[in-house]
Amino acid sequence: MTTTQLRSPARRPRHRRKHILVGGQPLPSPGASVIKAVFFGIACALVIMPFVAIISTSMAPPEQISRAGGLVLFPEQLDLSAYEAILSGGIVTRALGISIFITVCGTLLSLTVTSLFAYTLTRKGLPYRRLLTILVIVSLFFSPGLLPMYLAVQSYGLIDSLAAVIVPTALSGFNVIVLRSFFGSIPPDLLEAAEIDGASELQILTKVVLPLSKAALAVIGLFYAVGYWNSFFSALLYLNDSSMWPLQLVLRTYVVDDTSITGYDLAADAIPAQASLQMAILVISVVPILLVYPWLQKHFAKGALTGAIKG
């Protein structure tokens, strides 16, 4: 037996780092982990700091706001006079109620018509189904225009009514396509079994399709709700009566026109600084949507990805 054959097999160096797989992927090196942590920490700080500045400025005393030049990151003491002035004036509270009404009613209407339309496009026996799908896709690239939309709203007598803010945007072609793709991913055997049992199309939709599409409906409902809540241009065009203005239009009017919306004289000593009032109204307009997001977050990724991938 030769000397080469008597040698022991080569051993791997012990100083090499073992690659541990997590979810099929190797663990990153410590340096890469630190870089990622720093990067995401900076990104989170850039996102959070504006919200902190808005909330802090709304609660800061007027003297500190004047010294800081408009924005305060850390208030010296809490001053809620801006919120008291806004909520006691009546205009903002009324606008807040109108915004909630528009968002709730508009979201329910949009979910209803979008679900009906999307389910209809999934039925193979529908005449001109392909043509309707093409028209929905075309609507994503071409808008009717401002003047034709205004004339259409005026011809239906919707000027100076909250329906003018809800009805023209009740249906979105993008949301129809996403929901149609999700409905198409439902096994057809379930629908055929419901048809054999004698269920109508409406019963199939309400008792089979919609209960299986809660994730997609949550995502689409969130899209619609955010759109209705943040909409102010439609109200600016169609609502001439200021008593019907939603919160976003009141905020826009106050910031742009520099007018008092609290019902008091801003020159009086009892009224907070203008920047504090603006930030307080902004906080009131943002908080409701932020409270809704955590409840729908678990459905958001699933519904959006399923509707996008299976299209």
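For clarity, every value in this text was computed on a predicted model and none was experimentally measured. (Residues numbered from 1 in each chain as written. Predicted model: local features only at pLDDT ≥ 70, side-chain atom pairs only at ≥ 80, totals over all residues. Heavy atoms only, no water.)

### Section: the overall build of the protein
So, step 1. From N to C terminus, the protein includes 15 helices and two strands.
So, step 2. Per-residue burial over the protein gives 32% buried out of 311 residues.
So, step 3. Here the analysis covers contacts within the protein between residues at least 6 apart in sequence; of these, 69% occur between residues at least 24 apart.
So, step 4. Within the structure as shown, the protein displays about 19400 Å² of accessible surface, and the carbon and sulfur contribution to it stands at 67%. (Helix = DSSP H or I, 4+ residues; strand = E, 2+ residues; numbered from the N terminus. Buried < 20%, exposed > 50% of the residue type's maximum accessible area, 1.4 Å probe, protein only. Contact = heavy atoms within 4.5 Å. Areas by Shrake-Rupley, 256 points an atom, 1.4 Å probe, with all protein chains shown as cover.)

### Thoughts on the nonpolar core
So, step 1. Counting residues in hydrophobic clusters, the biggest one holds 50 residues, and the most contacted among them are Ile-86, Leu-179, Ile-204, Val-209 and Leu-247.
So, step 2. The dominant element in this core, judged by the number of residues it contributes, is helix H12 (residues 214-230), at eight residues.
So, step 3. Filtering out sequence-adjacent residues up to four positions away, Leu-179 remains in contact with Thr-114, Ser-115, Ala-118, Ala-216, Leu-217 and Ile-220. (Core = buried A, V, L, I, M, F, W, Y, C linked by side-chain atoms within 4.5 Å.)

### Examining helix H11 (residues 201-209)
So, step 1. For H11, every residue scored as buried is listed here: Ile-204, Leu-205, Val-208 and Val-209. The buried residues of H11 occupy one face: seen down the axis, they fall within an arc of 115°. Residues Leu-202 and Lys-207 are exposed on H11 and point more than 90 degrees away from its buried face.
So, step 2. On its buried face, H11 sits against helix H5 (91-122), helix H9 (173-184) and helix H10 (188-196). (Arc of directions from axis to C-beta.)

### Some details on the side chain of Ser-99
So, step 1. Secondary-structure assignment places Ser-99 in helix H5.
So, step 2. When neighbours within four sequence positions are excluded, Ser-99 is seen to be in contact with Trp-229, Pro-246, Leu-247 and Gln-248.

### Comments concerning a nonpolar patch on the surface
So, step 1. A cluster of nonpolar residues, Ile-134, Ile-137, Val-138, Leu-140, Phe-141, Phe-142, Phe-174 and Phe-223, forms a patch on the protein surface that exposes about 790 Å² of accessible area.
So, step 2. The element that contributes the greatest number of residues to the nonpolar patch is helix H6 (residues 129-139), accounting for three residues.
So, step 3. One can find Ile-137 in helix H6. (Patch = residues over 30% accessible without salt bridge, like charges linked within 9 Å, V, L, I, M, F, W, Y side chains within 5 Å. Salt bridge = Lys/Arg side-chain N within 4 Å of Asp/Glu carboxyl O.)

### Side note on H12
So, step 1. Taking 1.5 Å per residue, 17 residues should reach 24 Å; H12 reaches 24 Å between its end C-alpha atoms and fits that length.
So, step 2. Taking burial as the measure, the 17 residues of H12 include 13 buried ones, the bulk of the element. (Expected span 1.5 Å × (residues − 1).)

### Observations regarding empty space enclosed by the protein
So, step 1. With the rule as written, the count across this model stands at one cavity of 30 Å³ or more.
So, step 2. Counted as a void, the largest cavity has a volume near 40 Å³.
So, step 3. As for the largest cavity, its lining consists of Ser-99, Ile-102, Thr-103, Val-165, Tyr-228, Trp-229, Ser-231 and Pro-246.
So, step 4. The set of elements that each furnish at least two residues to the lining of the largest cavity consists of H5 and H12. (1 Å grid on protein atoms, 1.4 Å probe; cavity = no way out; pocket = protein on both sides within 12 Å on 5 of 7 lines; lining within 4 Å. Points joined across faces, edges and corners; volume = space filled by probe spheres on them.)

### Side note on the pattern of salt bridges
So, step 1. Under the counting rule described, the total for this entry stands at two salt bridges.
So, step 2. Across the pair Arg-123 and Glu-195 runs a salt bridge whose closest N-O atoms are separated by 2.4 Å. With Arg-123 in the loop between H5 and H6 and Glu-195 in helix H10, this residue pair connects regions lying 72 residues apart in the sequence.
So, step 3. Relative accessible area serves as the criterion here: at 18%, Arg-123 is assigned to the buried category.
So, step 4. The salt bridge partner of Glu-201 is Arg-123, with a shortest N-O separation of 3.3 Å. Here Arg-123 lies in the loop between H5 and H6 and Glu-201 lies in helix H11, a separation of 78 residues in the sequence.

### Some details on the packing of aromatic side chains
So, step 1. The full count for this structure, using the stated rule, is two aromatic pairs.
So, step 2. Seen in terms of ring centroids, Phe-39 and Phe-40 are 5.5 Å apart; in terms of plane orientation they differ by 75°. Their pairing is edge-to-face.
So, step 3. Exposure remark for Phe-39: the relative accessible area of 56% places this residue in the exposed category.
So, step 4. On the numbers, 5.9 Å between centres and 20° between planes, the contact of Tyr-150 with Tyr-238 is stacked. Within this pair, whereas Tyr-150 is found in helix H7 (residues 146-155), its partner Tyr-238 is found in helix H13 (residues 233-238), the two being separated by 88 residues in sequence.
So, step 5. For Tyr-150, a relative accessible area of 27% puts it in the partly exposed group. (Phe/Tyr/Trp six-rings, centres within 6.5 Å; stacked < 30°, edge-to-face > 60°.)

### Notes on unusual backbone geometry
So, step 1. Despite not being glycine, Tyr-128 has its phi angle at roughly 60°, a positive value.
So, step 2. With respect to the helices and strands, Tyr-128 occurs in the loop between H5 and H6.
So, step 3. A positive phi angle is found at Asp-160, which is not glycine, with a value near 60°.
So, step 4. Here Asp-160 shows up in the loop between H7 and helix H8 (163-166).

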